[in-house]
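# Chain and residue survey
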Amino acid sequence: MGKLVFPRAFLIAETKVDYAAMDHALLHLGVDGWASDGGTDADVLTEFAGKSCYMSFDKNLNLNLTKVGGRPNSAYIQDGIIGNKHGSVLEHSTVTFFLTNVSRVVTHELVRHRAGTAFSQTSGRYVRSNDVDMFLPKEIVAFPDAVSVFYRAMCEMEENIAELVEITGIEDMTDFGLKKRLTSAFRRIIGNGQANHLVMTANHRAWRHVIEMRTSVHAEEEIRYIMADVAGQLKERFPTIYADMTENADGEWVFAHSKV
Ligand SMILES: Cc1cc2nc3c(=O)[nH]c(=O)nc-3n(C[C@H](O)[C@H](O)[C@H](O)COP(=O)(O)OP(=O)(O)OC[C@H]3O[C@@H](n4cnc5c(N)ncnc54)[C@H](O)[C@@H]3O)c2cc1C
């Protein structure tokens, strides 16, 4: 029997810096002892990439420079990179979330974000379940009779799947190819609301854009819920890169510097 579920985001991976290799590369250019006070590897890599543009690791690398340094990493990123909309520098670091119990309504909308993203979604062709888990929107909860319709739809979907399982005898099949084709056929009568899972990787420039678009009051309830979860975790883990991001009274995560 399927159940009502809430989506949840797990931060499972992020870009790491190889500090020895970074030092080695700088030494190759004659720079000894450059260091960043960035709090995360993403902060350091962003500063490194930004400084590589003007060769501002050391005064001797660019004859136009009269001084280098002087700004902490946080100011360099928020004022120098984000404030000036040099957002491409934020693309060097990525963060991966495992988004669990998200409906296909949500995943269909998320995969529209093409720039700087990567996705891997539960296969409706390979993975068969007799249960249809679902998120219940608040708009529906407000109407008890509508909740009954949702519940009935869930039960009917499961009954229909059970009938197809019975008719085809898929449980006893050993031909995995046929099982796969049948599973793929069965999913056609399951609604978009079915919960499944998605691994989503994006660079920080893309995350900022996706969060802004998908926590907007104009976005759908479930995608707002899961992207607010992502936004909160990113803000906590990367306080410098998301320093200009705040949650407003409407639950939108908004940026002082929109779409960098
Ligand atoms: C509230 C809401 C309602 C929506 N309603 C609908 C709807 O009714 N129907 C529908 O089809 N979609 C709808 N969408 C999806 C929307 O149109 C976009 O496809 C989706 O939000 C992806 O965002 P993006 O275009 O910024 O792309 P992303 O891939 O996130 O790209 C980020 C930015 O990179 C640039 N970029 C990316 N790709 C290109 C390119 N090929 N060429 C030039 N520049 C590029 C653009 O500046 C873009 O904004 C809706 C989205 C929201 C948030």
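Up top is the structure these notes are about.
This section reports on the structure supplied with the text. (Residues numbered from 1 in each chain as written. Predicted model: local features only at pLDDT ≥ 70, side-chain atom pairs only at ≥ 80, totals over all residues. Heavy atoms only, no water.)

## Quick notes on the site of the ligand
Note the cut-off: One heavy atom within 4 Å of a molecule or strand is enough for the residue carrying it to be called near that molecule or strand. We call two N or O atoms a polar contact when they sit within 3.5 Å, provided that within protein one can donate a hydrogen and the other can accept it, with sequence-adjacent residues counted only if both atoms are side-chain atoms. To measure how exposed things are, a 1.4 Å probe is used in the Shrake-Rupley method; for residues, cover is taken only from the protein chains shown. Note on residue categories: nonpolar means Ala, Val, Leu, Ile, Met, Phe, Trp, Tyr, Cys or Pro, charged means Asp, Glu, Lys or Arg, and polar means any other residue, Gly included.
All residues in the neighbourhood of the ligand are listed as R112, H113, R114, A115, H209, M213, R214, H218 and K259. R114 is positioned such that a nitrogen or oxygen atom in its backbone is 2.5 Å from an oxygen atom of the ligand. In the model, an oxygen atom of the ligand is placed 2.9 Å from a nitrogen or oxygen of the A115 main chain. For the ligand, the protein covers 47% of the area, taking 940 Å² as the surface of the free molecule. In terms of residue class, the shell around the ligand is built from two nonpolar, three polar and four charged.

## Some points on the packing of aromatic side chains
The cut-off we apply is this: Here a pair means two rings of Phe, Tyr or Trp (six-membered ring of Trp) with centres within 6.5 Å. Their orientation is stacked below 30 degrees between planes, edge-to-face above 60, and tilted elsewhere. Secondary structure elements are defined from DSSP: runs of H or I of at least 4 residues count as helices, runs of E of at least 2 residues count as strands, and each element is numbered from the N terminus. Exposure is judged per residue with a 1.4 Å probe applied to protein chains only, and the accessible area is read against the type maximum: over 50% gives exposed, under 20% gives buried, and values in between give partly exposed.
Tallied over the full model, the rule gives eight aromatic pairs. Ring geometry for F6 versus Y225: centroids 5.7 Å apart, planes at 35°, classification tilted. Placement of the pair is F6 in the segment before β1 (8-14) and Y225 in helix α9 (residues 221-237), with a sequence separation of 219 residues. Given the relative accessible area of 56%, F6 is considered exposed. Centroid distance F97 to W207: 5.4 Å. Interplanar angle 85°. Geometry classified as edge-to-face. Taken as a pair, F97 in strand β2 (residues 94-103) and W207 in helix α8 (residues 204-214) lie far apart in primary sequence, 110 residues in all. With respect to class, F97 is no different from W207; both count as buried.

## Considering the pattern of salt bridges
Defined as follows: Definition used for salt bridges: Asp or Glu carboxyl oxygen within 4 Å of a side-chain nitrogen of Lys or Arg.
Inspection of the entire model under this criterion finds nine salt bridges. Between R214 and E109 there is a salt bridge whose closest N-O contact spans 3.8 Å. Pair noted here: R214 is in helix α8 and E109 is in helix α4 (residues 104-110), with a separation of 105 residues, a long-range link. Since its relative accessible area comes to 16%, R214 is described here as buried. Among the salt bridges present, the one from D244 reaches R208, with a minimum N-O distance of 2.8 Å. Of this pair, D244 sits in the loop between α9 and β5 (245-247) while R208 sits in helix α8, and the two are 36 residues apart along the sequence. The pair D244 / R208 is uniform in exposure class, with both members buried. Overlapping salt bridges bring together E14, K16 and R237 as one network.

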